[in-house]
Amino acid sequence: MEEQQRRALRRGRARLVAELRVEPLWDPLERRGIFTRTMLEELQSAGSRGDQARQLIIDLESRGKQAFPVFLAILRDTGQADLADMLLQQCQSPPAPPQLPDLRPVELELRGEKQRKSQCFGQTAAWEVAAGIPLAWAIVCVVLIFVFLVYELKADPCGHCLILNNVNFSRDSYLSTRVGSDIDCEKLERRFKALHFNVLARRDLRAQEMVLELQKLARQDHSTLDCCIVVILSHGCQTSHIQFPGGIYGTDGKPIPIEKIVNYFNGSNCPSLRGKPKLFFIQACGGEERDRGFIVDSNSPEDEAPGSSLESDATPFQAPSGNVDEPDAIACLPTPSDILVSYSTFPGFVSWREASGSWYVETLDRVLERYARSEDLLNMLLRVANAVSAKGKYKQIPGCFNFLRKKFFFACG
């Protein structure tokens, strides 16, 4: 959405909250593809009509380039043309120039109790100085800080997304078939395509083939793109490491350290991705520990204990036997800036997967569908960790190693 359109919605919000009839809007907003049914149900649960109208206007800003003109058309179609005309007029009005502050010296007196409070909390002097700054200028400063602390994703497509999906393993690897992994792959392929990425999915690769695919991606010219994503769905293992343990198995049973995978894309080895976010999502185990968790008050019913339909993505560091599973991948980052590695489970513990897919990928896909247009990546990963940690009798909690310098928002325009 264009900035003048966002500004029009903000200027007209008070009148919209007071007058907007939201009930006739729900069906056309869904039919025109501005909101999904799930999003509309959440909006409808916001409270009173005014609360629903307020939340609708706020969420509308993040719904893409067509959201504003489509919203105006729907207003006219539902007999609310006066509100559409008001928004159009606000959109055409030039923005008011920010008022520069009168930056005169402020004399501070810090004695007695006031001085002690300032020393303890560092607040008194800051508030006295801030009192001389107009609110409009303070808002401008906050906006500028926010802009500089957010990665810019304006390219379309945003970048490349490589999904390595290992399902069937060689007999002599002693690794079981990863039932449900194809479902995970299909979900993430659809999701990242919807988020404007070029997606390439490769299935059942030996370790060296995985390395070649990763190197091929790292050697591409990413100069016109803003981001790069790597997703790995496989069995995991412990490997020798510098900082963090973990590796991923190829279908031939040979491991690849995650630190090696990440290093292909660091600032030294992939210059065209310098300063740009590089995201890694790993569905594999972190060990063979099975966590039963601890008792807390909860309104959620306890799931059944894992049975034959519930599997893990781990394999032991020693020569595996039978269908036992173990550790996941973690990263060593000699040039760590602008890198985030998200893991399906805590190091040392199993990562559960069913015939319908893994807990981690299922939850990640659902969270991205619902919140990718409004929340930053770290906040969404907290939602994933919270949801996955509540599942099952055996417990699992995803986590991440975050070396991003800024907030990351998916470009959803």
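Presented here is a report on the structure given in the accompanying data block. (Residues numbered from 1 in each chain as written. Predicted model: local features only at pLDDT ≥ 70, side-chain atom pairs only at ≥ 80, totals over all residues. Heavy atoms only, no water.)

Quick look at the state of the cysteines now. One pass over the structure, following the stated rule, counts 0 disulfides. Cys161 provides the cysteine sulfur closest to Cys185, a residue in no disulfide bond, and the two sulfurs are 9.2 Å apart. Judged by relative accessible area, Cys185 falls into the buried class, the value being 8%. Note on Cys228: no disulfide assigned, nearest cysteine sulfur contributed by Cys227 at a separation of 6.9 Å. Take Cys228: its relative accessible area is 3%, and that puts it in the buried class. (Disulfide = S-S within 2.5 Å. Buried < 20%, exposed > 50% of the residue type's maximum accessible area, 1.4 Å probe, protein only.)

Taken in spatial order, the 3 strands line up as S4-S5-S6 in an open sheet, and their pairing is antiparallel. A strand with exactly one partner marks an edge of an open sheet, and here the two such strands are strand S4 (236-237) and strand S6 (255-257). (Pairing = 2+ DSSP bridges. Helix = DSSP H or I, 4+ residues; strand = E, 2+ residues; numbered from the N terminus.)

This part covers the environment of Glu41. Inspection of the secondary structure assignment puts Glu41 in helix H4 (residues 37-44). Placed 15 residues apart in sequence, Glu41 and Trp26 show a C-alpha to C-alpha distance of 9.2 Å.

A large share of strand S9 (residues 339-343) lies buried, amounting to 5 of its 5 residues. Both strand S7 (residues 278-283) and S9 contribute to a ladder of 5 bridges, which runs parallel. Paired with Lys278 across the strands is Ile339, a residue of S9. As paired strands, S9 and strand S12 (residues 399-403) are joined by 5 bridges and run antiparallel to one another. Paired with Ser342 across the strands is Cys400, a residue of S12.

Geometry of an aromatic ring pair is reported as the spacing of the ring centres plus the angle between the planes. All chains considered together, the criterion is met by 7 aromatic pairs. Centroid distance Tyr343 to Phe401: 5.5 Å. Interplanar angle 85°. Geometry classified as edge-to-face. Pair noted here: Tyr343 is in strand S9 and Phe401 is in strand S12, with a separation of 58 residues, a long-range link. Using a relative accessible area of 23% as the deciding quantity, one classes Phe401 as partly exposed. An angle of 90° between the planes, with centres 4.9 Å apart, marks the rings of Phe408 and Phe410 as edge-to-face. Ring-pair connections join several aromatic residues into one group, and the members of that group are Phe192, Phe197, Phe281, Phe408 and Phe410. Lying across the ring of Tyr371, Arg383 places its NZ or CZ 3.8 Å from the centre. (Phe/Tyr/Trp six-rings, centres within 6.5 Å; stacked < 30°, edge-to-face > 60°. Lys NZ or Arg CZ within 6 Å of the ring centre and 35° of its normal.)

Let us look at helix H11 (residues 181-194). Given a rise of 1.5 Å per residue, 14 residues ought to cover 20 Å, and the 20 Å separating the end C-alpha atoms of H11 matches this to within 8%. If you check which residues of H11 are buried, you get Ser181, Asp184, Cys185, Lys187, Leu188, Arg191 and Phe192. Taken down its axis, H11 places every buried residue within 165° of arc, on the same side. Remark: His196 follows H11 within two positions and exhibits a positive phi of approximately 70°. (Expected span 1.5 Å × (residues − 1). Arc of directions from axis to C-beta.)

Overall, mixed pairing links the 6 strands, which are arranged S2-S1-S3-S7-S9-S12 in an open sheet. Strand pairing shows two members of the sheet lacking a second neighbour, strand S2 (197-203) and S12, which therefore form its edges. Averaged over all neighbouring strand pairs, the angle between strand axes comes to 10°, with direction disregarded. Note: strand S3 (residues 227-233) against S7, 6 bridges, orientation parallel. (Axes fitted to C-alpha atoms, helices over the stretch in contact; angles between N-to-C directions.)

Turning our eyes to something else, we now look at the pattern of salt bridges. Two side chains carrying opposite charge are able to pair once their charged atoms lie near each other. Inspection of the entire model under this criterion finds 19 salt bridges. Residue Glu61 is joined to Arg10 by a salt bridge in which the shortest nitrogen-to-oxygen separation is 2.7 Å. Residue Glu61 is located in the loop between helix H5 (49-60) and helix H6 (67-77), and its partner Arg10 is located in helix H1 (residues 3-11); the two are separated by 51 residues in the primary sequence. On the accessibility criterion, Arg10 (42% relative accessible area) is partly exposed. Among the ionic pairs, Asp85 bridges to Arg76, the shortest N-O distance being 2.9 Å. Judged by relative accessible area, which is 37%, Arg76 ranks as partly exposed. In the salt-bridge network here, residues are joined through shared partners; they are Glu3, Arg10, Arg13 and Glu61. (Salt bridge = Lys/Arg side-chain N within 4 Å of Asp/Glu carboxyl O.)

On their own, these measurements won't tell you what the molecule is for.
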